[in-house]
Each structure stands twice: as structure tokens, then as C-alpha cells.
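Residues per chain, in single letters:
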Amino acid sequence: KNAEWMNYDLRDILATYAPARLRVEATERLDNLVRAVEALPGAAAGSEPDDPEVLRARVAADLQKADAILSHAESDPAQARPLYENALRIARRLAAADPGNAALARDRAVACNKLGDAEMRMGRPAEARRLYEESSAATKRLVRLDPASDEYGRDLGIGYIKLGDADLRLGNPASARELYAAALAIAKRLEEIAPDDPRYRRDLAAASARLGDVELQLGALAAAKENYLLSLEAARALSEARPDVAQYRRDLGVSYNRLGDVELRLGNAPAAQEYFEKDLALAREQAASDPANAKYRRDLVASHARLGAFHESAGADAPALAHYRAVVAILQETKAAGALPPEDDATLATYREKIAELER
């Protein structure tokens, strides 16, 4: 009973409440405890059980363990991969044994997507795409069985985005554009049905942003801007409705950056600067709210670096220097605290050189 509680209930508590920077270590210690309990005399051991509910719980536990690993920005996705593989192996076995069970089919689709995400992080988009295809095929069958299900429809839209991401990495932007457009159509329909559901609004923001990215890559600047504005509208609505959700504010900052980039490409430098400065204001606010958060510090560094490059390209050395000095100050402070990743030492050196060049 202790092992069961630790393996499932306690993992849910960690996933919900534990800070990301502590979750990996806590999960490792939890794994050691579970193994110790399972090794006690009288504990279940040996071959894999046949009870579908026990096996389903194991799928959930492995997915949670792997998610905890990947939630840490500096973690190695290879550490999560065996857990995702085991979860998918069991999920496939259960789905094959009971092909009419919608819950088991959805478990398999989720496990495919999560392993696919790990493969993408490991730089294996072709393998990721095969997994996304398997997930999408399972979801399409569920949609055919229950076309009125908003949940299955949402799963399908998310699957299209993942397939589009893989195609973009594989050098097929035309296919990615079609997939993102299909995801956006689903997100729009669901958002119209339930406009107050933050999941649907965030899906709409994600799909329109991805479609804008691929339009930008294909040189369709007006179409890119149109989609970025749609994404910004959704991100702003989310942030205003739930100002307590930090991720919504980060999404809003990303929207500002995308619009700044496309305005630059369109030759509208004042509009681009306005968007970049809005992103910087958000990044400052986030960093001030949680100074120990490495993700927020990186966002702030990126915002200053972007504005520095913008001013430097315009020949405005003084504001460029101010932003580059801010980058160096943040990185130096992080290094003094012993929290600077080794790869960022090169970034620090780069911006010191930029400052020296502009001061000459």
C-alpha cells in the first residue's frame, strides 16, 4: 500500500505542487523508496501483472516520472526516454487486448506523443513523426467513434501541431502549413463553443503562432502578421483573465517578439521596437517576481539582447550599449551565484566583445 501511494498519489502531488527545480531530485528519491518497498518480503515481484488497472497505473506513473525529468530545463531527455518507452509498450499491449476501449486507446496516443516529444528534443524528428502519426491515427479513430467529443477534437488538433513541428524540422514547410491550418480550424471551432475555456484559447494561440512561423519562413509576410495578431489576441485574453498564471505572461511576450520580427521584415522599425519593448517590460516583471527563476532570467537576457541588436543595426550605439551591458550584468550576477550554465560562458564573452567594439 505504501508503494502504491508513493508511486501514484504522491507523484500527482509532486507534479502539482513541487517547484520544477526540486521535482527531479524528489522523484529520484521517491523511486528509491518505491524500489525498497517492492523488494520487501511479500511484496509483488516477478513478471508483469495482468490486471489492466494496475498496468494502466504503471503507464501513468512512468509518464509522470519522465515528465518530471523533462520539466527541468537542463535535464537530458535520454533519461526520460526509457520511461516513455516502457509506458508506450504497456499502453500498446492494453489497447491491443481491448481495441474497443476508448480510454486505453487514448492512453496509447498520449504515450506516443510524449515519447515523440522526447525524440524531438533529442534531435530525431523522423522517429518523432512516426510516433505522432501513430498517435494521430488512434485519435482519428476515437473522433470517428464519438465526433461530438470536444476532448478528442482537441487531441486531434494538438496532434496536427506536433506533426507540423516534425515536418518543419524535416524541411517540409508546405506540409507543416497544412497541418497547422487544420489545427487552427479545430482550435477556432472549440474556442467558439467554449470561449472561456483557457485550454482552447491557448490552443488557438499556439496554432496561429505556428502557422505564422511557417508563413514567415515561406516569405508570406502579410499572412504571418495576420496569424501573429490572432495569436497575440488570444495570449492577451488569457493573460488578462488569469494574471496569476506566469506561463500566460510568457506566451504574451513570445507573441510580442514574433510580431516585432515580422514588422522588421516588413520594414516597419518603429512598430517592431514597440513590440520588443513590450516584451522587455514583461520579462522584467517576471524576473522581479521570482529572481531565482533561471527561465525568467534567460527571458530577460534574450529581451535585452534582441533590443540591443535592433538598436545596433539602426546605428544607435548608445541604446545598444545599454542593453548589451544589461545582458552582461545579468549573466555576471548569475555566474557569481554559481548558477550560470557552462554554455552561457560563451554568451557572456560574446556580449563583452560587443560592448568593447561599440565603445571603441
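Computed from a predicted structure; not experimentally measured.

Visitor: Teacher, can you tell me more about the overall build of the chain here?
Guide: Helix and strand content of the chain: 15 helices and zero strands. Compactness check: the chain gives a C-alpha radius of gyration of 23 Å against a globular reference of 21 Å for 360 residues, within 12% of the reference. Reported as C-alpha extents along the three principal axes, the dimensions of the chain are approximately 75 × 45 × 35 Å. Taken over 360 residues, the chain has a buried fraction of 44%. Across the chain, the fraction of contacts at a sequence separation of at least 24, relative to all contacts at a separation of at least 6, is 59%. Accessible surface, the chain: about 18,300 Å² in total, of which carbon and sulfur atoms supply 52%. Averaging the locations of the 51 positively and 59 negatively charged side chains of the chain gives two centres separated by 1 Å.

Visitor: Help me out: how do you make sense of helix 13 (residues 294-313) in this one?
Guide: With 20 residues, helix 13 extends 28 Å from end C-alpha to end C-alpha; this agrees with the ideal 28 Å at 1.5 Å per step. Taken residue by residue, helix 13 has Tyr296, Arg297, Leu300, Val301, Ser303, His304, Ala305, Leu307, Gly308, Phe310 and His311 as its buried positions. Looking at the buried positions of helix 13, the neighbouring elements they touch are helix 11 (246-265), helix 12 (269-289), helix 14 (317-336) and helix 15 (343-359). At the N-terminal end of helix 13, a side-chain oxygen is found 2.9 Å from the backbone nitrogen of lysine 295, two or three residues along, and the residue is asparagine 293. Positive phi shows up at glycine 315, right after helix 13, with a value of about 80°.

Visitor: Hey, could you run me through the packing of helix 12 against helix 13 in this one?
Guide: Packed helix pairs are characterised by how far apart their axes lie and by the angle those axes make with each other. It is the contact of helix 12 with helix 13, at a shortest axis distance of 8 Å, that shows an interaxial angle of 155°. By the angle class used here, helix 12 and helix 13 are roughly antiparallel. Pair helix 12 / helix 13 crosses with left-handed handedness. Listed contacts from helix 13 to Ala269, Ala272, Gln273, Phe276, Glu277, Asp279, Leu280, Ala283, Arg284, Gln286, Ala287 and Ser289 of helix 12 are Tyr296, Asp299, Leu300, Ser303, His304, Arg306, Leu307, Phe310 and His311. For the contact of helix 12 with helix 13, the residue count by class is ten nonpolar, six polar and five charged.

Visitor: Help me understand helix 15, please; the structure alone is not making it clear to me.
Guide: Note: α-helices contain 3.6 residues per turn, so residues at a spacing of three or four share the same orientation. Between the first and last C-alpha of helix 15 there are 26 Å, a value that for 17 residues agrees with the 24 Å anticipated at 1.5 Å per step. For helix 15, every residue scored as buried is listed here: Asp344, Leu348, Tyr351, Ile355 and Leu358. Buried residues of helix 15 fall within an arc of 95° about the axis and therefore sit on the same side.

Visitor: I tried to follow the side chain of aspartate 279 on my own but got confused; where do I start?
Guide: Note that aspartate 279 resides in helix 12. Look at aspartate 279 and you get buried, because its relative accessible area is 7%. A distance of 2.6 Å separates a polar atom in the side chain of aspartate 279 from a polar atom in the side chain of serine 303. Once you skip the residues sitting within four places of it in the chain, aspartate 279 turns out to touch Gly253, Tyr256, Asn257, Ser303 and Arg306.

Visitor: What am I meant to see in the packing of aromatic side chains here?
Guide: To describe a pair of aromatic rings, one takes the distance between the centres and the angle between the planes. Within this structure, the stated rule accounts for three aromatic pairs. Seen from their ring centres, phenylalanine 276 and phenylalanine 310 are 6.1 Å apart, and the 75° between their planes marks the pair as edge-to-face. With phenylalanine 276 in helix 12 and phenylalanine 310 in helix 13, the pair connects residues that are 34 residues apart, well separated along the chain. Neither phenylalanine 276 nor phenylalanine 310 differs from the other in exposure class; each is buried.

Visitor: Help me understand empty space enclosed by the protein in this model?
Guide: Rolling a probe over the atoms, with the probe sized like a water molecule, indicates the empty space that remains. A complete count under the given rule lists one cavity of 30 Å³ or more for this structure. Estimates place the volume of the largest cavity at around 60 Å³. In this structure, the largest cavity is lined by Arg154, Gly157, Ile158, Ile161, Ala183, Ile186, Ala187, Leu190, Tyr200, Asp203 and Ala207. By residue class, the composition of the lining of the largest cavity is eight nonpolar, one polar and two charged.

Visitor: In this structure, what is going on with the packing of helix 10 (residues 221-241) against helix 11? I would like to understand it.
Guide: Across the interface, helix 10 lies against helix 11 with an axial gap of 9 Å and an inter-helix angle of 160°. In terms of orientation, helix 10 lies roughly antiparallel with respect to helix 11. Helix 11 is crossed by helix 10, and the crossing has left-handed handedness. On the side of helix 10, the interface is formed by Leu221, Ala224, Lys225, Tyr228, Leu229, Ser231, Leu232, Ala235, Arg236, Leu238 and Ser239, while helix 11 contributes Tyr248, Arg249, Asp251, Leu252, Ser255, Tyr256, Arg258, Leu259, Val262, Glu263 and Arg265. Of the residues contributing to the contact of helix 10 with helix 11, the split by class is twelve nonpolar, three polar and seven charged.

Visitor: What exactly am I supposed to notice about the pattern of salt bridges here?
Guide: Where charged atoms from two side chains of opposite charge approach closely, those side chains can pair. Across all of its chains, the model carries 30 salt bridges by this definition. A salt bridge links lysine 114 to aspartate 67, with the nearest nitrogen and oxygen atoms 2.9 Å apart. Of this pair, lysine 114 sits in helix 5 (residues 102-121) while aspartate 67 is found in helix 3 (residues 52-70), placing the two residues 47 residues apart along the sequence. The partly exposed category is assigned to lysine 114, whose relative accessible area is 23%. For arginine 108, the salt bridge goes to glutamate 134, with nearest N and O atoms at 2.9 Å. With arginine 108 in helix 5 and glutamate 134 in helix 6 (residues 125-145), this pair connects stretches of sequence that are 26 residues apart. Residue glutamate 134 is classed as buried on the basis of its relative accessible area of 16%. Put simply, Arg106, Glu151, Asp155, Asp197 and Arg199 are held in one network by salt bridges that share partners.

Reading guide: rules and limits
- Counting restarts for each chain: residues are numbered from 1 in the order of the written sequence.
- Reporting of local features is limited, given that this is a predicted model, to residues whose pLDDT is at least 70; pairs of side-chain atoms are given and counted only at 80 or more, and all residues count toward the totals for whole chains, interfaces and linings.
- Excluding hydrogens and water, the side-chain values take into account all heavy atoms of the structure.
- Comment: elements are numbered from the N terminus, with helices defined as DSSP H or I runs of at least four residues and strands as E runs of at least two.
- When we talk radius of gyration, it's over C-alpha atoms, and the globule rule is simply 2.2 Å times the number of residues to the 0.38.
- Each residue gets one of three labels from its accessible area relative to the maximum for its type: buried under 20%, exposed over 50%, partly exposed in between, using a 1.4 Å probe on protein chains only.
- The contact rule is simple, with two residues in contact once any of their heavy atoms fall within 4.5 Å.
- In this description, accessible areas are obtained by the Shrake-Rupley approach with a 1.4 Å probe, and a residue is regarded as covered only by the protein chains that are shown.
- Charged-residue counts in this description rest on Lys and Arg as positive and Asp and Glu as negative, His and the chain ends being excluded.
- Every charge is mapped to an atom, namely NZ of Lys, CZ of Arg, CG of Asp or CD of Glu.
- What a helix is expected to span follows from its residue count: subtract one and scale by 1.5 Å.
- Throughout this description, a polar contact denotes any pair of N or O atoms lying within 3.5 Å of each other; where both atoms belong to protein, one of them has to be capable of donating a hydrogen while the other can accept it, and for residues adjacent in sequence the pair is counted only when both atoms sit in side chains.
- Every angle, taken between N-to-C directions, lies between 0 and 180 degrees, and every axis is a line fitted to C-alpha atoms, over only the stretch in contact when it is a helix.
- To sort the angles, those under 35 degrees are grouped as roughly parallel, those over 145 as roughly antiparallel, those from 65 to 115 as roughly perpendicular, and the leftovers as oblique.
- When the near helix sits turned anticlockwise from the far one by under a right angle, the crossing is termed left-handed; a clockwise turn instead gives a right-handed crossing.
- Under the grouping applied here, Gly and all other residues not named as nonpolar or charged are polar, the nonpolar ones being Ala, Val, Leu, Ile, Met, Phe, Trp, Tyr, Cys and Pro and the charged ones Asp, Glu, Lys and Arg.
- The reported arc concerns the directions from the helix axis to the C-beta atoms and nothing else.
- When the centres of two rings from Phe, Tyr and Trp lie within 6.5 Å, Trp using its six-membered ring, the rings pair. Their planes under 30 degrees apart give stacked, over 60 give edge-to-face, and anything left gives tilted.
- Any residue with an atom within 4 Å of a point lines the site, the site being either a cavity, points on a 1 Å grid over the protein atoms alone where a 1.4 Å probe fits but cannot get out, or a pocket, an open set with protein on both sides within 12 Å along at least 5 of 7 lines.
- Grid points are joined across faces, edges and corners, and a volume is the space filled by probe spheres set on the points.
- Here, a salt bridge means any Lys or Arg side-chain nitrogen found within 4 Å of an Asp or Glu carboxyl oxygen.

Keep in mind these numbers describe shape, not what the thing actually does.
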